[in-house]
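# Residue-level structural notes
Spelled out, the chains give:
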Amino acid sequence: MTFKLPAIDYLALAPMLVLFGAACAGVLVDALVPREWRYHVQVPLSLVALLASGGFVVALANRKEHVVTAGSAVVIDGPGLFLQGSIVVLGIVALFLVAERRLEPGGAFVAQAAVVAGSEADRKQMRKPGVTEVYPMMLFALAGMMLFCSANDLLTMFVALEVFSLPLYLLCALARRRRLLSQEAAVKYFLLGAFASAFFLYGVAMIYGYAGKVDFRGINEAVLGSSNSKTLLLIGLAMLAIGLLFKVAAVPFHVWTPDVYQGAPTPITAFMAACTKVAAFGGLLRVLYVAFERSSWDFRPTLGVIAAATMIVGAVLAVTQTDIKRLLAYSSVANAGYLLTGTLSMNRDGLKYTMFYLVAYGFTVLAAFAIVMLVRDSDGEATHLARWAGLGRRSPVFASLFTFLMLAFAGIPLTSGFTAKFGVFAAAVGGNMTWLVIIGVLSSMILAFPYLRVVVLMWLSVPGDDTPTVSVPGAFTAAALFVGVAMTLVLGVAPNQALELVNDAGAFLR
Amino acid sequence: MDNIQYSAAVEYAAASGTLSSIWLLFAIPLASAAVLFLLGRRADKWGHLLGVASVVATFVLGLVYFFQLKGLSGNRSAEVDLFSFMPVGSLKVDFGLLLDPLSAVFVLLITGVGSLIHIYAVGYMAHDPGRRRFFAFFNLFIAAMLLLVLGNNYVMLYFGWEGVGLASYLLISFFFDKPSAATAGKKAFLMNRVGDAGFAIAMFLMFAQLGSVNYDDVFNGVNQLTQGTVLVMGLLLLLGACGKSGQFPLQAWLPDAMEGPTPVSALIHAATMVTAGVYLIARSNAVFSANATLQTVVVSIGALTLLIGCVIGCAKDDIKRVLAYSTVSQIGYMFLGVGLGGAAYALAIIHLLAHGFFKAGMFLGAGSVMHGMQDQVDIRRFGGLWKYMKITWITFGLGYVAIIGLPPLSGFFTKDPIILAAFNRPGWTGWLFGGAALLGAGLTAFYMTRLFVLTFHGPKRWTDGQHPHESPAVMTVPLVLLAVGSVASGFLMSTSVVDWLTPVLGKHAEEHGRLGHWTVTGMTMAVVALGLAAGVLLFRKGTALEEQPAGPVVTAARNNLYADTFNELVFELPGRYLTRALVFLDNRGIDGVVNGLAAMVGGGSGRLRRAQTGYVRSYALSMLGGALLVVAALMAVTLG
């Protein structure tokens, strides 16, 4: 038996190949370059790789030639490129947060992750600069996310899922402060993530049993024509959905979110909130729109209930949170519900506005976590909300920016939050999911309350003795904050450019 | 209810000449607010002057546009599409503005009354360290309010709607060292959100049914919708309007909002923002006129709220709260008007404009009294003030005569026709709503007389150390101008403004109902005289200094007719239990439920303690439970 090598369109894969290559180079850098030089090599290397990858995405988008390549394992189409581009851009902003070393000597990451927390060796390493392996791991994760959005069959998708998940599990464990919390978060995320991956893989097997194929086009054809038992299809679809819903943090698969968001180093939390969200929804969109479009009558009621539960549970639980990172975690859960609402419209508007929402939310959440990084005292970040009381009097500029971001989360008009929510809800109404929109509107009304509570706390409370100050951001954090806030404003006031971009992206290639 | 006569489809003319720059109207106060925010303390010295200048400039500009619009022949409207907000796909929303007769009168009211209140606030806030910030919020509010009335589609209206809500929330909470102010701000915000949710869903419904949220598309498309859809859409819009305008069942926030500084109460919670609900209904008159049930609901809410406001107003002793409940009640009259439909739309609008003058005047007068009485607000502790603050006395008195509707002041020309129109509603409901409006007029006369007499006349009942004095000119001049407006506006507007509004609200034939004009006027005058006489007789000798025990009716009125209890039961309690249940489930997870069941079955209560939080296995179990549910649900939906 001879294998025929599939033809590979290297240019089409270039955005991902650049990142994988740079990530491998980054591993070598860590092995070969002296410790004190590594940071100064890794950051430019990652940045250049991301810029190059972004350049290739733009070039491919301009080529307007949509291809299925690598033996039909990867598809490069308009929405896929848009999602890849979003991941790269949001990844660059997240990289700025990761690279910040001015707020905390040595950065937000521990020097040696394997040292027992609280031991003598641990105290010694407190002053050493953080690990630089985070950069190649981030690049691996980003490349995996991009592949996840462009996979054309379930097996490639599964590989991509693991490629971007494993670095994330590790990155979660690397916080310099509150080491135990960080390690606990990482273990929880890993165990539950593995559990979810198992569901996904089981779903792949079921679908293969039903369709005899794992590529999306084949599944799509089989949904109409296969004579196999429909039970296989439904169980398979449910299992696949569970694996994906875990990543997007939908109820009841959201349980990891608050713990992991709280425990992970804040730049990594920001990275997950922005980029993982894009990748997970990119994958979900592709699976539902390309492979299972014809069974939408089967899954829409069930996934609709999940979306409704996600919106309600996320919003209501956000009300009772007292830690800003946990609050943002539950807000991320609720936002997953709004995104699911857009996804389930199962029409072109749904695809467009869900992608727009992902970008809009990504920028806002990155900027919000950037400010969380800045509010700190001698013990590191002050994340308990009580400590934020009166922040507006101490640092009016940052409190104003955070207020603006909170208003964006609350969906107040002329911020990107309004445009995005309006878009997905309108799309869902167009897709006959009006009942979901009603729940969505009610949920966003509830969710506005915790955000406004933070605003009131910052401005209308008298600062206490333990109100931390806002540190002066380094150039990296300042840049991330600026980009995040500026995009939140631009996408709220004049979203037409970005909307034309998602419109031009067109539909998925089948 | 098909007396509406749209001769042609609704169509707006594109703006030309100077009218194409109507965006300046909201851009000027917005720019001023931005400057005041961004410059921070550097602008403390002159910030208030900039704030005043920007609003006055906007008023002048509004006048220019008004006369431009007047000069147009035929279709008096100017539509400007600034840019395409959401350009692509089936959902198109433009950042579009529309200046037509309806929005033009609102622009003049907002900027005119707004200018006077800004000037007054310069004096009122003179000693407040946060004066610059106050003016920044004030300008922001004006900009948002102008955006609200100038939009050419519902999304623009919603922008302004949320903007004024936000500004009002921030301004109520302005006196933040008072916990009551923070609570009031929160309450205003929450109850407005309930209304906003209705409005937002109505917009999505329009989009789903008509594919557009532009005024002209919606109004022209209403006829194609089923009656059920129109009813639902209208009720949702009405919910939004009730939230913003403090109408039943969402009226409880408005009086609490009086915790904010007095100029805020005057501008936002009397003259402008609270009338946004009336604007919404008047603007959507094509929707509301298309369904008779809908109109009946609006009329009922108006009639009910106007009585609620009157009854509670009789029992309150806080000068600002009495005025607040009178606002609730007067907006009830406006809702009654817009609900009656037909010719009464225009009546509601002119009552709104007149109300803007006399209520702003009285609120500022109350502020002037508080200014001279060391922030005392209890009317039992006033008395005999007419001698000490003559200008405040006279101007407040004119506002008072205007609100109770004595001729020839404005209330007479604007409120009486609404009562007449209510009586002339066909069927037995005409008697009901007319009777309610008439009763309201009598009660208004009574409680406003009580307020006026107890404050300015009778024996002095001051607390120790009071030295009342007249306020400075910067505060009294606006009072005088507003008083002139309360005197003259009614007669001037009663025909001219009604004609002016015809293109928007439709032309309606003169109706002759069951009761003649003079009959109703006579009845109203008799009832008002009765209320006035009762008020004077009861309170000319003053009143007890403390709250006296009272019967069930008065106690209920003192407790705002238990509206807070109602809200707690309907909104707060379910929310609280939902939160608790979810927190419980989230902490315990499915693990807890399973363990709990096991404990109950096994009878070992000790096992319950093992239902701990934060364990991965508990999380994994809840995921497994969720997975089973998802699979089962998918199978059930398809195969079941």
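Residue numbers restart at each chain and count upward from 1, following the sequence in its written direction. Following the order in which they are written, the chains are lettered starting with A and the ligands numbered starting with 1. Totals for whole chains, interfaces and linings use every residue, but because this is a predicted model, local features are given only for residues with pLDDT of at least 70 and side-chain atom pairs only at 80 or more, for both listing and counting. Just so you know, side-chain values use all the structure's heavy atoms and leave hydrogens and water out.

## Some points on the overall build of chain B
If you tally the helices and strands in chain B, you get 23 helices and two strands. Partly exposed describes any residue whose relative accessible area lies between the buried limit of under 20% and the exposed limit of over 50%, with all areas from a 1.4 Å probe on protein chains only and scaled to the type maximum. Residues counted as buried form 59% of the 640 residues belonging to chain B. In chain B, of all internal contacts separated by at least 6 residues, the share reaching a separation of at least 24 is 82%. By the criteria applied, helices consist of DSSP H or I runs no shorter than four residues and strands consist of E runs no shorter than two, each listed in order from the N terminus. Contact definition: two residues touch when any of their heavy atoms are within 4.5 Å.

## Examining the pattern of salt bridges
Residues and elements named next belong to chain A. Salt-bridge detection follows one rule: a side-chain nitrogen of Lys or Arg within 4 Å of a carboxyl oxygen of Asp or Glu. For the structure shown, the criterion picks out 17 salt bridges over all chains. The closest approach of N and O atoms between Glu 104 and Arg 177, which form a salt bridge, is 2.5 Å. With Glu 104 in the loop between helix H3 (78-99) and helix H4 (120-125) and Arg 177 in the loop between helix H6 (154-172) and helix H7 (179-211), this residue pair connects regions lying 73 residues apart in the sequence. Taking the relative accessible area as the measure of exposure, Glu 104 reaches 9% and is therefore buried. Across the pair Arg 326 and Asp 259 runs a salt bridge whose closest N-O atoms are separated by 3.2 Å. Residue Arg 326 is found in helix H13 (residues 324-343), and its partner Asp 259 is found in helix H10 (residues 256-263); the two are separated by 67 residues along the sequence. For the pair shown, Arg 326 and Asp 259 are each scored as buried. Here the residues in one salt-bridge network are Glu 184, Lys 188, Asp 259 and Arg 326, joined through shared partners.

## Quick word on unusual backbone geometry
In this structure, the amide linkage connecting B:Phe248 to the following residue, B:Pro249, adopts the cis form with an omega of 5°. Mapped onto the fold, B:Pro249 is located in the loop between helix H8 (227-245) and helix H9 (253-256). Of note, the bond from B:Pro407 into B:Pro408 is cis; its omega dihedral lies within 30 degrees of zero at 0°. With respect to the helices and strands, the residue B:Pro408 is situated in the loop between helix H16 (390-404) and helix H17 (410-423). Even without being glycine, A:Arg178 reaches a positive phi, approximately 50°.

## Observations regarding the side chain of B:His351
Along the chain, B:His351 turns up in helix H15 (residues 344-372). Given the relative accessible area of 0%, B:His351 is considered buried.

## Brief notes about the interface of chain B and chain A
Size of an interface: often given as the accessible area lost when the parts come together. Taken together, the contact between chain B and chain A spans 53 residues of the former and 69 residues of the latter. In this description, buried area is defined as the sum, over both parts, of the accessible area (probe of 1.4 Å) that is lost when the two are combined. Overall, the association of chain B and chain A removes approximately 5400 Å² of surface from exposure, summing both partners, and the carbon and sulfur fraction of that is 82%. The interface formed by chain B and chain A contains zero salt bridges. Whenever a nitrogen or oxygen atom comes within 3.5 Å of another N or O atom, the pair is scored as a polar contact, on the condition that within protein one atom can donate a hydrogen and the other can accept it, and that pairs from neighbouring residues in sequence are kept only if both atoms are in side chains. At the surface where chain B touches chain A, the tally comes to one residue pair in polar contact (both at pLDDT 80 or more). In terms of residue count, the dominant contributor to the side of chain B that touches chain A is helix H23 (residues 616-639) of chain B (16 residues).

## Some words on the domain arrangement of chain B
All names here are of chain B. Split into domains, chain B comes out as domain 1 (10-288), domain 2 (291-546) and domain 3 (563-639). Taken together, the contact between domain 1 and domain 3 spans seven residues of the former and five residues of the latter. With both sides pooled, the region where domain 1 packs onto domain 3 buries about 390 Å², and carbon together with sulfur makes up 65% of that total. Applying the counting criterion to the domain 1 and domain 3 interface returns zero salt bridges. Remark: the boundary between domain 1 and domain 3 carries zero residue pairs in polar contact (both at pLDDT 80 or more). Classification used: nonpolar for Ala, Val, Leu, Ile, Met, Phe, Trp, Tyr, Cys and Pro, charged for Asp, Glu, Lys and Arg, polar for all others including Gly. A breakdown of the residues in the side of domain 1 that touches domain 3 according to their chemical character gives five nonpolar, one polar and one charged. The split into domains, and so the bounds of each, comes from an automatic or database assignment of domains.

## Points about a nonpolar patch on the surface
Residues and elements named next belong to chain A. On the surface, Leu 166, Val 187, Phe 190 and Leu 191 cluster together to form a nonpolar patch covering roughly 340 Å² of accessible area. The greatest single-element share of the nonpolar patch, amounting to three residues, is contributed by H7. Among the structural elements, Val 187 can be located in helix H7. Val 187 gets classed as partly exposed once you look at its relative accessible area, which sits at 45%. Surface patches are drawn from residues lacking salt bridges whose relative accessible area is over 30%; two like charges belong together within 9 Å, two nonpolar side chains (Val, Leu, Ile, Met, Phe, Trp, Tyr) within 5 Å. Accessibility throughout is a Shrake-Rupley quantity obtained with a 1.4 Å probe, and a residue counts as covered only by protein chains that appear here.

## Examining the packing of aromatic side chains
All names here are of chain A. Whether two aromatic rings pair depends on their centres lying within 6.5 Å, for rings of Phe, Tyr and Trp, where Trp uses its six-membered ring; planes under 30 degrees apart make the pair stacked, over 60 edge-to-face, and the rest tilted. Evaluated as defined, the whole model comprises 47 aromatic pairs over all chains. Consider the rings of Phe 246 and Trp 256, whose centres lie 5.3 Å apart with planes at 40°: the pair is tilted. Remark: Trp 256 occurs in helix H10 and Phe 246 occurs in helix H9 (residues 230-248); sequence separation between them is ten residues. Accessibility assignment for this pair places Phe 246 and Trp 256 in one class, buried. Note on Trp 256 and Tyr 261: the rings are 6.5 Å apart at their centroids and 65° apart in plane angle, and the pair reads as edge-to-face. A relative accessible area of 3% means that Trp 256 is categorised as buried. By the criterion adopted, a ring carries a charge over it if an Arg CZ or a Lys NZ lies within 6 Å of its centre and within 35 degrees of its normal. A cation over a ring is seen here: Arg 101 above Tyr 39, with NZ or CZ 4.0 Å from the ring centre.

## Comments concerning the packing of helix H14 (residues 319-340) of chain B against H17(B)
Residue and element names in this part refer to chain B. Packing of H14 against H17 brings their axes to within 10 Å, and their N-to-C directions diverge by 50°. By the criterion of interaxial angle, the relationship of H14 to H17 is oblique. Helix-helix and strand crossings are classified by hand; for H14 and H17 the assignment is left-handed. Taken together, the residues of H17 that come into contact with H14 (itself represented by Gln 330, Tyr 333, Leu 336, Gly 337 and Leu 340) are Lys 415, Ile 418, Ile 419, Ala 421 and Ala 422. Between N-to-C directions, angles span 0 to 180 degrees; the directions come from axes that are lines fitted to C-alpha atoms, helices contributing only their stretch in contact. Throughout this description, any angle smaller than 35 degrees is read as roughly parallel, any larger than 145 degrees as roughly antiparallel, any in the 65 to 115 degree range as roughly perpendicular, and the remainder as oblique. In a left-handed crossing the near helix is turned counterclockwise from the far helix by less than a right angle, and in a right-handed crossing that turn is clockwise.

## Quick look at the sheet that holds strand S4 (residues 380-381) of chain A
All names here are of chain A. The antiparallel open sheet is built from three strands, whose spatial order is S4-S3-S5. For this open sheet the edge positions go to S4 and strand S5 (469-470), each flanked by a neighbour on one side alone. Criterion used throughout: strands pair if DSSP finds at least two bridges between them. Inspection of the sheet shows strand S3 (residues 375-377) paired to S5 by two bridges, in the antiparallel sense. Bridge pairing in S5 links Arg 376 to Thr 469. Strands S3, S4 and S5 of the sheet are contacted by helix H14 (residues 348-374), whose axis makes an angle of about 20° with S3.

## Brief notes about the nonpolar core
In this structure, A:Leu154, A:Phe292, B:Leu99, B:Tyr154, B:Phe335 and B:Leu336 are the most contacted members of the largest nonpolar core, which totals 415 residues. In terms of residue count, the dominant contributor to this core is H14(A) (20 residues). Non-local contacts of A:Phe292, meaning those with residues more than four positions away in its chain, are made with A:Ile207, A:Ile219, A:Val223, A:Leu233, A:Leu237, A:Leu240, A:Val287 and A:Phe299. The nonpolar core is taken to be a set of buried Ala, Val, Leu, Ile, Met, Phe, Trp, Tyr and Cys residues, with the residues joined through side-chain atoms within 4.5 Å.

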